[in-house]
Structures are given as C-alpha cells and as structure tokens.
Amino acid sequence: MLYFDHCASTPPYEEVVKTMMEVMKSQYANPSSLHRAGTDADKLIERSRALLAERLQTTNGKWIFTSGGTESNNLAIKGIARQYAGRGKHLITTQIEHASVYDTFAQLEQEGFRVTYLPVSESGHIRIEQLEEALTDQTILVSVMHINNEIGSIQPIEQIGRLLKRYPKAMFHVDAVQSIGKLPICIEEWGIDLLSGSAHKLRGPKGVGFLYVRESITLYPLFTGGSQEYGNRAGTQNVPGIVASAKALRMSLDSLEQRERRMRPLKQKLIQIISGIPELRLNGADPSAAHIIHFSYPGMKPEVIIHMLEQHGIMASTKSACSSKDDKPSRVLLALGVSHEQAAGGVRVSFGDEHEERDIDALGAALRHVVEQLKPLERRLT
Amino acid sequence: MVKGRNRNRFEKRMLDQVKQALISYENIAYFKSFGRLYVKLNGHPYEPVADRLKDLFGIVSLSPVRSTEPELEKIRAAALAIMQALPEQPATFKVSAKRAWKKFPHNSQEMNHLVGGHVLRAMPELKVNVSKPEIELRVDIQEEATYVYYDVIPGAGGFPFASNGKAMLLLSGGIDSPVAGWLALRKGLEIEAVHFHSYPFTSEQAKDKVIELAKRLSYFSGEPIKLHLVPFTEIQTTLVGAKSDNLIITLMRRAMLRITEQLAERNGAFGIVTGESLGQVASQTLPSMNVIGRATELPQLKPLIMMDKHEIIRLAERIGTYETSILPYEDCCTLFLPKSPTTNPNLRIAEKIEALIPNYKQLLTAAVEGTEQLMISPVAETAVQTAGEDSWF
C-alpha cells in the first residue's frame with residue numbers, strides 16, 4: 001500500500017507506539033489522585049508540557065492538552081469569544097479554514113458575533129491589506145491557519161502577527177495542525193496568542209491535541225467538571241497519549257529540516273507529472289507546504305478517482321477528511337475562485353517520511369492509467 | 001566600591017564566578033582592567049550572555065563594548081556606530097576618553113574633541129553636555145585595543161558569592177524565605193538551606209517545591225546549594241501534645257532554631273537567615289521574636305524585617321520564585337495552627353514547657369541526625385524533569 005493521506009493522519013513512529021504501550025501499562029493511576037501513583041502520572045504530564053514549551057520555544061504561556069486539533073480550535077475560538085465578548089463582538093477568520101474553525105465561527109455568528117471571512121487569492125493566500133481593512137476597534141480575535149489542509153497554501157503568519165501588534169485588543173489564533181513539524185514556527189516572536197496542534201498529524205497517537213495560550217489570557221472552558229489543565233479542560237488526562245504525543249512532537253521537530261529537504265523535490269516531481277496530464281489541473285500555488293499537492297479532474301467525480309487509485313494500492317483523499325463524506329464542491333476550492341466543476345473534482349495527495357522517489361513514480365503511473373481509463377467516460381459520469 | 005586589600009580578593013572571586021556562569025560558552029575570553037571585567041564574546045550572541053551576567057552578584061553595571069584597533073579613524077567609526085544604534089536617540093552626550101596607553105598620539109582631552117566632533121558632524125541634532133549628558137560615551141585606549149562603550153544595564157549589585165562567609169537559611173516554601181535567601185546571597189553570603197518537613201502531614205510536593213526554590217537560588221549564586229531536609233514530625237506532634245495551643249508556634253520556631261544551630265555548627269556557618277518581617281504574623285511581633293530568638297546564640301539575619309508584604313512580593317516576582325512559592329502545598333509551618341496564637345509569649349513559660357517535655361534534647365538530636373542533605377545545582381533536574389523513563393520522551 002502506498003499511503004498518500006498524511007494530511008488526514010500519519011503512521012505513528014515505532015518509538016511512540018512503544019512509549020504509549022509502556023506508559024499505558026505502568027502509569028494507569030489518575031493524575032489528579034493525591035497518592036504517589038497519581039502524582040507520578042501527573043509529573044509525566046508536566047514533563048510532556050515542559051517538552052512542548054522547550055521544543056516550541058515558548059517561555060510565557062501555557063500548553064493545554066486536549067482531545068485533538070478540533071477541540072483545540074473550538075476551545076481557543078469559543079474560549080476567547082465567550083470570555084471577552086464584553087470587549088467587542090467582531091471576529092475575523094478566512095474562507096479556507098478547516099471545518100473545526102469555520103463551523104465554530106458560524107456557530108458564534110448564531111450567538112450574536114459578527115464574523116468577517118477573509119477571501120483568498122487564486123493561489124490560496126489572504127492579502128494582509130484586506131485583513132487590515134477588516135480590523136475594527138471591536139475585533140477581539142483573528143484566526144488564521146498556517147498551512148491549509150486541502151491545498152497546502154502557507155499564510156503569512158509572521159506578517160499578520162506584526163500587523164496585529166498594533167491592535168492589542170485583537171488576539172491572534174493560529175491553527176497550526178498541518179504545520180507543526182513541517183515548518184518552523186516562532187510563536188512568541190511572531191506575536192501568536194493561541195496556537196492549535198494535533199498529535200496524530202505528526203506521527204503521534206490519535207486523541208491528543210495541544211493548545212498554546214499566552215500568559216494572562218483566560219479561556220472560557222468548553223467543559224465543566226474538574227480543574228485539570230489549569231481549569232481550561234475538565235476531564236481525566238490521557239496520560240499515555242500525552243506522553244507519546246510529546247515524544248512524537250520532539251521526534252518530528254528533530255527531523256523538520258531534513259523532512260523539508262527530502263519532500264520538496266518529491267513535490268516538484270509530482271507537480272511535473274501532473275502538469276504532463278492535460279486532463280488534470282493543479283490547485284493552489286506557492287508559498288505552499290512541501291507535503292501537500294492538490295489537483296482537480298474537472299467534470300469527474302473525485303470519489304471515482306480515489307477508488308480507482310485504490311485498485312493500484314494507492315490511498316489518496318478528496319478534500320479534508322473531516323468533510324469528505326458530503327459530496328458538495330469544496331468550500332476551499334470555491335474560495336480560490338475556480339469553476340464549480342473544478343471545485344467538485346479535487347483530489348489531495350499528501351505524503352510523509354516513508355515516501356521515496358519511486359513511490360512518486362508509482363503514483364504518477366497509476367494516475368496516468370486512471371485518467372486513460374476515465375477519459376472516454378468523462379461526460380457520462382458527471 | 002570596595003577599597004584596599006579586599007578588592008583584589010573580590011575581583012578574583014568575581015572572575016571565577018563569571019567564568020562559572022558562562023561555562024557553557026566555549027572560547028569566551030576574559031581579562032580584568034581597572035575594576036572592569038571584559039568578556040570577549042568571540043562570536044557568541046550578546047543577549048543571552050548579558051541576561052546571565054545581569055543576575056550575577058557583584059556586578060554594578062554591564063555594557064556592550066565595541067573593541068577596535070587603537071587608530072583614530074577606527075575609534076571614530078566605532079563611536080558613531082554605537083551612537084547611531086542607540087534604541088532611543090538622546091538629546092545630549094559627551095565623550096570621556098581615557099588614554100591608558102601613553103604612546104597613543106592624542107591625549108584624553110584631545111580625543112574627547114576628536115571623537116565628539118566626528119559624532120556631532122554626522123548627527124547634527126545632538127548637543128554636548130559635559131555636566132549631565134544623557135549618554136556618556138567612553139573610549140578606553142589600551143595598547144592592544146580600544147574599547148568604546150556606554151553604561152547601560154544595571155547589574156544585580158552586591159558582593160561576589162561567598163565573599164562574606166556562610167549562614168544557614170530557613171527555607172519554608174513560602175514567599176518570604178526565598179527572597180531573604182536572595183538578599184543574603186546578594187550581600188555575598190554563602191548559604192545552606194534548611195527545610196523542615198512533617199511527612200505525612202506535609203506532602204512530597206512540598207519537598208519538590210523547596211527543591212525548586214533552592215535551585216532558583218543556586219542560579220543566582222552560580223554555585224550548588226546544600227539543602228538540609230529535617231524530619232520534624234516527631235517534634236511537632238510532641239509539641240502539639242504539650243497542650244499549650246497558643247504557644248505552639250513559638251515552641252516550634254525555637255526548636256527549629258536549635259536544630260539549625262546544630263546544623264550550622266556541623267557545616268561551618270556563622271548565622272541564621274530567616275524571612276521574618278515585623279508584624280506579619282503572630283510569631284513575627286517583636287515580643288515573639290524576642291522569645292523565639294533566645295533559643296540560639298547565633299546572629300540572626302532578617303533581611304525582610306522592615307519590608308512591606310507587597311515589596312517582598314515584587315522582589316519574589318523579579319527573582320522568579322513567586323510562582324513556585326504560591327503553589328498550594330502545605331508546609332509544616334501552617335500545620336496545627338491554633339485559633340489564636342499569642343503575639344506576646346512568655347519566655348519563662350515557654351522554657352518551662354520545654355523542660356517538661358521528656359527527651360526534648362534527644363528529639364532535637366534525632367532530627368539533626370535524621371536530616372537528609374541534597375546538593376541542588378542550578379542545572380539540577382527537578383522531579384518533573386526526571387519523571388518516568390527517559391526513553392518515553
């Protein structure tokens with residue numbers, strides 16, 4: 001099997017699985033218990049937290065463990081909106097956010113907040129001037145993703161942070177679920193107030209997310225019923241998952257530069273292959289992540305392509321896994337301004353550490369073959 | 001400024017201390033000259049080194065220095081570069097040149113004009129003010145190099161570590177005692193910390209907390225600190241059994257001083273530092289301190305005695321102990337608190353109660369014997385840092 005769906009989830013590191021198993025077996029006490037077994041488990045969580053702070057170079061904030069990227073995004077956005085609604089009721093995000101951000105803002109609109117959804121260019125990038133125009137003295141939150149999960153475009157987080165320094169009332173949240181371990185992030189230097197991550201996107205276990213919250217920010221919690229995670233998230237912590245996630249984070253940050261160096265040429269190669277197939281159109285443009293490629297077969301149902309690739313042992317994806325079960329055209333692609341046909345026919349390929357040049361060749365061959373087979377049926381399948 | 005023969009000793013200590021603090025930076029060079037210590041970075045970034053040195057005791061101020069060859073044009077260029085790189089442009093300045101290398105062609109007075117004039121031509125909005133300049137640009141001309149700088153960052157002040165002898169610090173885990181320890185270190189005292197624990201009435205976390213505080217203090221001294229962990233349960237429960245509730249704190253504190261005195265003797269210390277502040281609690285009124293203090297003949301140093309709580313808290317925040325101090329783990333001082341502790345204890349009654357406790361002396365000796373010693377270094381790993389197996393992380 002060639003697994004090309006790293007944006008949806010990644011194969012865990014061997015060592016991470018081992019950690020998970022050992023901690024699960026030996027550290028089963030509740031980390032909130034007062035006895036030694038409990039405090040030992042608690043120290044493991046604190047050591048994990050310290051590891052995150054050290055490796056992501058934060059000195060003046062706290063790291064909160066959650067159940068995943070979706071919860072981190074929900075907690076950050078709702079937590080800020082509900083806590084600081086008294087300061088203003090205007091929020092800003094983009095049209096191409098992951099559903100866990102986008103739908104959360106939609107829900108807040110129902111609660112009476114006004115939300116600006118910034119448009120993006122054809123390449124999938126917001127324009128900083130448009131953000132500046134949207135900011136008002138009522139804006140309390142700006143949420144922009146780092147790497148887009150469908151097309152891989154990289155947003156100018158550093159410049160946004162610099163701009164927002166002039167708007168002290170507006171807090172800055174970054175959904176970095178796709179970028180931790182892929183791109184360098186300077187949380188404090190860039191003026192980021194909140195940052196979401198997810199362990200299973202960086203070869204850690206599922207069920208663990210993290211959220212950085214700058215010092216002196218208070219979040220309105222999503223859950224009630226316990227004072228875990230500095231009172232931000234009630235519920236017994238997932239000790240083995242958290243420790244294993246810290247390890248996965250360390251390992252993927254250790255190999256960040258090497259990963260970029262390895263993946264960039266692979267992406268270039270795949271772009272060449274796809275550009276050589278006239279039926280396919282590439283979506284998005286640089287600056288973009290080295291591990292994501294997105295293309296459309298306009299007029300073709302993407303599910304058909306996915307299933308035909310599957311017959312070649314290749315796992316690719318339509319749009320975001322979180323919204324791949326509905327068959328509407330992709331909201332992200334529509335935001336790029338592509339045609340309805342192209343937006344409905346998107347395929348995402350995302351690769352990881354295990355892939356080599358010959359895997360890209362195999363994918364290329366399979367793609368050519370699939371397109372050959374489908375071409376005669378183009379009109380009938382739509 | 002320290003005068004006479006002490007000065008050499010202090011400067012030597014200072015150099016050792018700076019070297020120790022910067023030990024992780026390879027090929028940094030050091031040399032002393034006229035009460036100044038020069039640290040040649042040799043490519044290391046300035047900021048982290050300055051941050052570390054700022055916290056070292058015995059340093060009055062530190063300055064980033066440009067070194068250049070002792071040639072007029074190069075000195076002028078260095079001076080101008082410094083002036084133009086100031087974070088905020090001053091309105092006035094002056095140049096204070098010092099020609100230590102007498103073969104340099106221009107004397108100090110001439111250099112003031114030659115360098116000052118050059119800066120003025122390039123920055124015409126500046127004015128010279130000889131008596132009260134905003135920036136005093138110093139030019140130190142030596143044979144091997146010229147140093148151009150201005151005083152910027154105030155140092156922590158005080159004396160180099162251990163230049164004034166050794167004392168025991170009563171370290172409870174609260175807000176005050178770490179601050180008292182920091183002030184003692186600043187005055188050049190070497191300290192050994194003494195902590196009393198009453199397991200199982202106090203928890204493991206209370207001990208971890210004290211280790212963390214001692215670690216923070218050792219960061220400032222740059223040297224490991226010895227931490228004495230005294231088992232106090234027996235004594236404390238015995239005193240509770242003596243049934244004079246309102247005197248219990250007085251009796252506890254007297255026992256602590258006696259134990260500390262014995263520890264001081266064994267470790268060559270000549271005083272006891274405490275975090276007491278006048279009137280803060282019942283045991284810190286003058287009548288209380290009188291009765292408590294008589295339990296030891298050693299000098300008791302109380303650097304916080306006349307400070308207000310908010311001043312102490314501000315210092316605790318500045319030295320980075322506050323966050324640890326307010327962790328909610330009970331220490332033995334807050335156990336068995338009576339409803340109304342006396343603010344005016346009677347010495348004779350206290351002595352009488354102690355005399356009636358069977359084996360009082362033996363209990364103290366047993367506590368001293370049972371004391372556990374830990375060496376806490378600035379790089380010592382905490383309980384969190386060593387949690388679990390290293391291979392898990």
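Basis of the calculations
- Residues numbered from 1 in each chain as written.
- Chains lettered and ligands numbered in written order.
- Predicted model: local features only at pLDDT ≥ 70, side-chain atom pairs only at ≥ 80, totals over all residues.
- Helix = DSSP H or I, 4+ residues; strand = E, 2+ residues; numbered from the N terminus.
- Rg over C-alpha atoms; globule rule 2.2 N^0.38 Å.
- Buried ≥ 20, exposed ≤ 12 C-beta atoms within 10 Å, placed from the backbone.
- Contact = placed C-beta atoms within 7 Å.
- Domains from an automatic or database assignment.
- Nonpolar A, V, L, I, M, F, W, Y, C, P; charged D, E, K, R; others polar.
- Core = buried A, V, L, I, M, F, W, Y, C linked by C-beta atoms within 7 Å.
- Pairing = 2+ DSSP bridges.
- Axes fitted to C-alpha atoms, helices over the stretch in contact; angles between N-to-C directions.
- Arc of directions from axis to C-beta.

Asker: Could you clarify how one ought to interpret the overall build of chain A in this entry?
Answerer: Helix and strand content of chain A: 13 helices and 12 strands. Relative to the 2.2 N^0.38 estimate, which gives 21 Å for 382 residues, the radius of gyration of chain A is 21 Å and therefore close to what a compact globule would have. Taking the principal axes of its C-alpha atoms as reference, chain A extends roughly 70 × 50 × 35 Å. Classification of the 382 residues of chain A by burial places 48% in the buried group. Considering only residue pairs separated by 6 or more positions, chain A has 75% of its internal contacts joining residues 24 or more positions apart.

Asker: So what exactly am I meant to see when it comes to the domain arrangement of chain B here?
Answerer: Reports of interface size often rely on the accessible area that becomes lost once the parts have come together. All names here are of chain B. Splitting chain B by domain gives domain 1 (1–61), domain 2 (65–151) and domain 3 (166–376). Each partner contributes to the interface: domain 1 provides 6 residues, whereas domain 3 provides 5 residues. Of the residues that constitute the side of domain 1 that touches domain 3, the class distribution is 3 nonpolar, 2 polar and 1 charged.

Asker: What's the story with the interface of chain B and chain A in this structure? I'm lost.
Answerer: Between chain B and chain A, the contact holds 9 residues from the first and 16 residues from the second. Residues that form the side of chain B that touches chain A fall into these classes: 5 nonpolar, 3 polar and 1 charged.

Asker: How do you make sense of the environment of F93 of chain B when you look at a structure like this?
Answerer: All names here are of chain B. With respect to the helices and strands, F93 occurs in strand 5 (residues 92–99). Separated by 142 residues in sequence, F93 and I235 place their C-alpha atoms 65 Å apart. For F93, the contacting residues outside a window of four places in its chain are M83, L126, V128, P133, E134, I135 and L137.

Asker: Could you clarify how one ought to interpret the nonpolar core in this entry?
Answerer: Generally speaking, nonpolar side chains in soluble globular proteins are found buried as a group. Within the largest apolar cluster, 99 residues are counted, with the highest numbers of intra-cluster contacts made by I80, L141, V142, F172, L211, V243 and V349 of chain A. Here this core gets 7 residues from one element, more than from any other, and that element is helix 7 (residues 239–254) of chain A. The residues that make up this core include at least three from each of domain 1 (2–7 + 256–381) and domain 2 (14–253) of chain A. Not counting residues up to four positions away in its chain, the partners in contact with L211 of chain A are I64, T66, S72, L75, A76, L194 and S196 of chain A. Counting 68 residues, the second largest nonpolar core, distinct from the first, contains M14, A167, A184 and I211 of chain B.

Asker: Sorry, what's going on with the sheet that holds strand 7 (residues 135–141) of chain B here?
Answerer: Sheet strands pair by backbone hydrogen bonding; their relative direction is either parallel or antiparallel. All names here are of chain B. With mixed pairing, 5 strands are arranged side by side in an open sheet as 4-8-7-5-6. In the strand order of this sheet, the two ends are held by strand 4 (66–68) and strand 6 (127–128), each with one partner. Strand direction decides the pairing type here: strand 4 and strand 8 (residues 146–149), joined by 3 bridges, are antiparallel. Directly across from T68, in strand 8, lies its bridge partner T146. Against the sheet, helix 3 (residues 72–84) touches strand 4, strand 5, strand 7 and strand 8, its axis set at about 165° to strand 4. Against the sheet, helix 4 (residues 108–122) touches strand 5, strand 6 and strand 7, its axis set at about 140° to strand 5.

Asker: Just to check I follow, could you spell out helix 10 (residues 309–319) of chain B for this structure?
Answerer: An α-helical turn contains 3.6 residues, so any two residues separated by three or four positions project in the same direction. Residue and element names in this part refer to chain B. Listing the buried residues of helix 10 in full gives I312, L315, A316 and I319. Down the axis of helix 10, the smallest arc covering the buried residues is 100°, so these residues share one side. Within helix 10, the exposed residues directed more than 90 degrees away from the buried face are H310 and R318. Looking at the buried side of helix 10, the elements it contacts are helix 5 (176–186) and helix 11 (322–325). Positive phi shows up at G320, right after helix 10, with a value of about 80°.

Asker: Quick question: what am I supposed to make of the environment of V338 of chain A here?
Answerer: All names here are of chain A. Along the chain, V338 falls in the loop between helix 10 (331–335) and helix 11 (340–344). The exposure class of V338 is buried, given the 22 C-beta atoms found within 10 Å. Sequence spacing of V338 and I154 is 184 residues, and the spatial spacing of their C-alpha atoms is 19 Å. Beyond its immediate chain neighbours, meaning those up to four positions away, V338 contacts N283, L333 and A343.

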